[in-house]
Structure formats: C-alpha cells, structure tokens
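One-letter residues, chain by chain:
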Amino acid sequence: MGFIDSLKISFEVWISRIFKKKRAKIGIYGPPNAGKTTLANRIVKDWTGVASFGTVSPVPHETRRAMRNEGVQIKANGSSIELDIVDTPGMATKIDFKEFMAFGMNEVEAKKRAKEATEGVIEAIKWLDDLDGVLLVMDSTEDPYTQVNVTVIGNMEARRLPLLIVANKMDLPEASPGRIKAAFPQHALVSVSALEGSNIDELYKAIATHFG
Amino acid sequence: MDLISGEKLENLTSMEKIRLILDKVKTGRIVVLESGLTPAEEVRLIEMTMTEIRVDEFSGIEIESYPSKKEGSFFDKLLGRGIKGRMTVIGPANQLRTIEKDQFQISTKVSVGD
C-alpha cells in the first residue's frame, strides 16, 4: 500500500470517527462452513422478518456469490444503526473439486462447484474494498489460526476498519471461544450459536457499539 | 525449498512478489519469505491463486504466517503503516500441510512426490 493510499485511508477513518455513521456496510467473512450464512439469516430474520437470506449446507462453499441485504435496522444499547449486510462466500487458499465428491457429488457437479467457489473467493476479496466493517465468523470448534482468519484480520487492521469476531457454534460441546480470544486478543469477540440464536442479543449490542 | 530474504523482497513490487511466489509454488517448490507479505499482498496472492487453479494441475496454495503484530512509531500508525509482514511459508496445497500453528510457531509437513 503506497503512502498516498495510507494517508487517504487514515483520513477517511478520522472523518468517519468524527461524523459517526448511523448506516454502515458490513461484510460477513470467514472460512467455509463457519456459519456465515446461518448468521446472516439469523440477523435478517430477527430484524426484518424475512425468513431466509441464503441457503445453508454442510457441503463447503454453498454460498458462491456475495449477497447483500440493505437497510437492516438494528436497535440495541439505546441506539439504532442501519446496516447493509453482505454475506460473502467462504474464503480459502485452495479449492479441490475432489473435496466436493466426498459429499456425494458427481465429477461434473464437483468441478462446476469448484470453479464457482474460486470465483466466490475472488468476489469476497473484492468486497473488502467497499465495506465499513467486518463480522469475522469463526467456528469455535476449529483451530482459529487459519490463514483466512489471519489475512482478514490483517487487512482490517491495515485499513483501520472495525472488526468484530463472532465465535460461532457455541451449541457444540467442543466449542472453545477462549482459544479464539487467546489467538486474537486485540479484537472484540462475541460467542453465539447462530443456529440456535443463543447469546445473539450480545452480538447486536456489540454491533451497535462497534459499527454505530 | 526456497528461502527468500527480506532484502530481496523489499526490492520487488507487490505484483512481482506474487508472481515470484506463484511461479515457484506451481512448480512444486516450498517458499519461505523472511519478511512475509503485507496483509494487502496476502489477499492479492489469494486472489491470484484462485484465478490460476486448474483441475488436476493446481488446486491452490497452503500459506501460513503469524497473526499480525502492530509495530512502529506514532507516525507509522498515523499513516496506517503500523503492520509489518512476518515470516511466511507458502507451498502447493497438495504438498504442504499445516500441522500446528500458534502465535509463535508454525509446524508444517511437506509431502514429496505427490
């Protein structure tokens, strides 16, 4: 990143802090199968009543196109913020069609999904340039030191944009949000189960605080 | 395996670094970067990798670096330059596997002749 770009980003951050936004474009990021779309569905359903935002599946890379839901108004902590929520495809550094065949897909379907998944990753990366903040969803049952997590956090820090870590899948017995907190202690973290909705009110309070 | 010095990386543009890494990794080499990549370069490397994935030829990369560490002076932070790249290991996804990683150590396994 060049000197002028750095200066421009710093200036924009100052301006946005001085004139606190009440509308923000927030990207939901994370590795495949962390529960991004489940979380997006939960937020949109809770605040707009719309039943579903995107489809979920145990097969990785179910979301292969970014989807935006505009004007989701969240009220918490006595304040209100309007969000444009962008549910992004899972980010990955490798995509092998054979992984999809392990889920019962035939070779043609698996190759098609792999091709679309690579395009989805590129789309997710492109969206980073156009966001006011990120909800980084991590699977609390998995090792948090994945390169996707490290890279997304590094990029948000470099851009000096707000980031909130969502430690998802708290409903599972092997969930360990403490491991995520220990890995990235400099960032705020909220533990939730997007599937069951547990602790989701704490997430809304944190969203209002961080992005409002 | 190629260990690339920080000095060499400093003299390359972002695109040159990414091209150098991908060209090596696609021929089966493991690359260790002494001073790593910036977060912006890491994300561009992932983007370029996605465009080069080919069925039965190249399924992507395994890349591991440490979580970022904020450093630098007040003016570095003011200009958003407070984050420096850290040692990074990159290899073909079908040959390099990360076994364990934490803030201070990356343990990987390299398969030969896959």
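The coordinates are above.
Values in this document were obtained by computation on a predicted structure and should not be read as measured data.

Student: Quick one: what's the story with the overall build of chain B, residue by residue and with numbers?
Tutor: What chain B contains, in helices and strands, is 4 helices and 8 strands. Seen in sequence order, chain B has helices and strands lined up from the N terminus as β-α-α-β-α-β-β-α-β-β-β-β. Put simply, chain B has 114 residues, and 33% of those count as buried. Within chain B, residue pairs in contact and separated by at least 24 positions form 64% of the contacts whose partners lie at least 6 positions apart.

Student: Run through the interface of chain A and chain B, naming residues and quoting values.
Tutor: Frequently, the measure chosen for interface size is the accessible area removed from exposure when the parts meet. Of the residues lining the interface, 28 residues belong to chain A; the matching set on chain B comes to 28 residues. Sorting the residues of the side of chain A that touches chain B by element identifies helix H1 (3–18), helix H4 (107–127) and helix H5 (147–159) of chain A as the ones contributing at least two each. Tallying contributions element by element places H5 of chain A first for the side of chain A that touches chain B, with 8 residues. Broken down by class, the residue content of the side of chain A that touches chain B amounts to 15 nonpolar, 8 polar and 5 charged.

Student: Requested: an account of the sheet that holds strand E1 (residues 2–4) of chain B, with residues and values cited.
Tutor: Residue and element names in this part refer to chain B. The mixed open sheet is built from 4 strands, whose spatial order is E1-E2-E6-E3. Each edge of the open sheet is held by one strand with a lone partner, namely E1 and strand E3 (61–65). When the angles between neighbouring strand axes are averaged without regard to direction, this sheet yields 15°. Here 3 bridges tie strand E2 (residues 31–33) to strand E6 (residues 88–92), and the two strands are oriented antiparallel to one another. Bridging across to E6, Leu33 finds its partner in Thr88.

Student: Any chance you could break down the pairing of strand E4 (residues 133–139) of chain A for me, citing the residues and the numbers?
Tutor: One face of the sheet, then the other: side chains in a regular strand alternate in exactly this way. All names here are of chain A. Most of E4 sits out of view: 7 of its 7 residues are buried. Judged by which residues are buried, E4 turns out to be covered on both faces: Gly133, Leu135, Val137 and Asp139 on one side and Val134, Leu136 and Met138 on the other are all buried. Two strands pair when backbone bridges link them, and strand E1 (residues 23–29) and E4 are joined in this way by 4 bridges, in the parallel orientation. Each bridged residue has a counterpart across the sheet, and for Ile28 the counterpart in E4 is Leu135. As defined by bridge partners, E4 adjoins strand E5 (residues 163–168) across 6 bridges and the pair is classed as parallel. Bridging across to E5, Val137 finds its partner in Val166.

Student: Describe in detail the environment of Gly178 of chain A, supporting the description with residues and values.
Tutor: Take Gly178 of chain A: it is sitting in helix H6 (residues 177–183). When the C-alpha positions of Gly178 of chain A and Ser191 of chain A are compared, they lie 9.5 Å apart, and in sequence the two are 13 residues distant.

Student: Could you give an account of the packing of H5 of chain A against helix H3 (residues 39–52) of chain B, with specific residues and numbers?
Tutor: Relative to each other, H5 of chain A and H3 of chain B sit at 135°, their axes nearing to 8 Å. Judged by the angle between their axes, H5 of chain A and H3 of chain B are oblique. Here H5 of chain A and H3 of chain B pass one another in a crossing that is left-handed. Note on element contacts: H3 of chain B touches H5 of chain A through Pro39, Ala40, Glu42, Val43 and Ile46 of chain B, opposite Thr151, Gly154, Asn155 and Ala158 of chain A. In terms of residue class, the contact of H5 of chain A with H3 of chain B is made up of 5 nonpolar, 3 polar and 1 charged.

Student: For the nonpolar core, give the residues involved together with the corresponding values.
Tutor: Val134, Leu136, Val137, Ile165 and Val166 of chain A are the most contacted members of the largest nonpolar core, which has 70 residues in total. For this core, the element with the most residues is H4 of chain A, which contributes 6 residues.

Student: I'd like to hear about the pairing of E3 of chain B, residue by residue, with values.
Tutor: All names here are of chain B. The buried count for E3 comes to 5 of 5 residues, which makes it a mostly enclosed element. Neither face of E3 is open: one carries Ile61, Ile63 and Ser65, the other Glu62 and Glu64, and all of them are buried. Two strands pair when backbone bridges link them, and E3 and E6 are joined in this way by 5 bridges, in the antiparallel orientation. If you follow Glu62 over to E6, its bridge partner there is Gly91.

Student: Account for H5 of chain A, naming residues and giving values.
Tutor: Residue and element names in this part refer to chain A. Between its first and last C-alpha, H5 extends 18 Å over 13 residues, near the 18 Å set by a 1.5 Å rise per residue. Within the sequence span of H5, burial applies to Gln147, Val148, Asn149, Val150, Thr151, Val152, Ile153, Gly154, Asn155, Met156, Ala158 and Arg159. Directly after H5, the chain includes Arg160, whose backbone phi takes a positive value near 55°.

Student: Describe the sheet that holds strand E6 (residues 189–191) of chain A, naming the residues involved and giving the relevant values.
Tutor: Residues and elements named next belong to chain A. Pairing is mixed in the open sheet, where 6 strands are placed in the order E2-E3-E1-E4-E5-E6. Each edge of the open sheet carries a strand with a single partner, namely strand E2 (67–76) and E6. Strand-to-strand twist across the sheet, computed as the mean angle between neighbouring axes with direction ignored, equals 25°. Sheet topology places E1 next to strand E3 (residues 79–87); 6 bridges connect them, and they run parallel. Residue pairing across strands places Ala24 opposite Leu83, the latter belonging to E3. This element, helix H2 (residues 36–48), spans E1, E2, E3, E4 and E5 of the sheet and lies at about 55° to E2.

Student: Give me the packing of H4 of chain A against H3 of chain B: which residues, what numbers.
Tutor: One can describe the packing of H4 of chain A onto H3 of chain B by two numbers: an axis separation of 9 Å at closest approach and a directional angle of 155°. By the angle between their axes, H4 of chain A is roughly antiparallel relative to H3 of chain B. Pair H4 of chain A / H3 of chain B crosses with left-handed handedness. Residues Thr118, Val121, Ile122 and Ile125 of chain A of H4 of chain A form the contact with H3 of chain B, whose own contacting residues are Val43, Ile46, Glu47 and Met50 of chain B.

Calculation notes
Residues numbered from 1 in each chain as written. Chains lettered and ligands numbered in written order. Predicted model: local features only at pLDDT ≥ 70, side-chain atom pairs only at ≥ 80, totals over all residues. Helix = DSSP H or I, 4+ residues; strand = E, 2+ residues; numbered from the N terminus. Buried ≥ 20, exposed ≤ 12 C-beta atoms within 10 Å, placed from the backbone. Contact = placed C-beta atoms within 7 Å. Nonpolar A, V, L, I, M, F, W, Y, C, P; charged D, E, K, R; others polar. Pairing = 2+ DSSP bridges. Axes fitted to C-alpha atoms, helices over the stretch in contact; angles between N-to-C directions. Parallel < 35°, antiparallel > 145°, perpendicular 65-115°, else oblique. Left-handed = near helix turned anticlockwise from the far one by under 90°. Core = buried A, V, L, I, M, F, W, Y, C linked by C-beta atoms within 7 Å. Expected span 1.5 Å × (residues − 1).

Shape descriptors only; they carry no functional weight alone.
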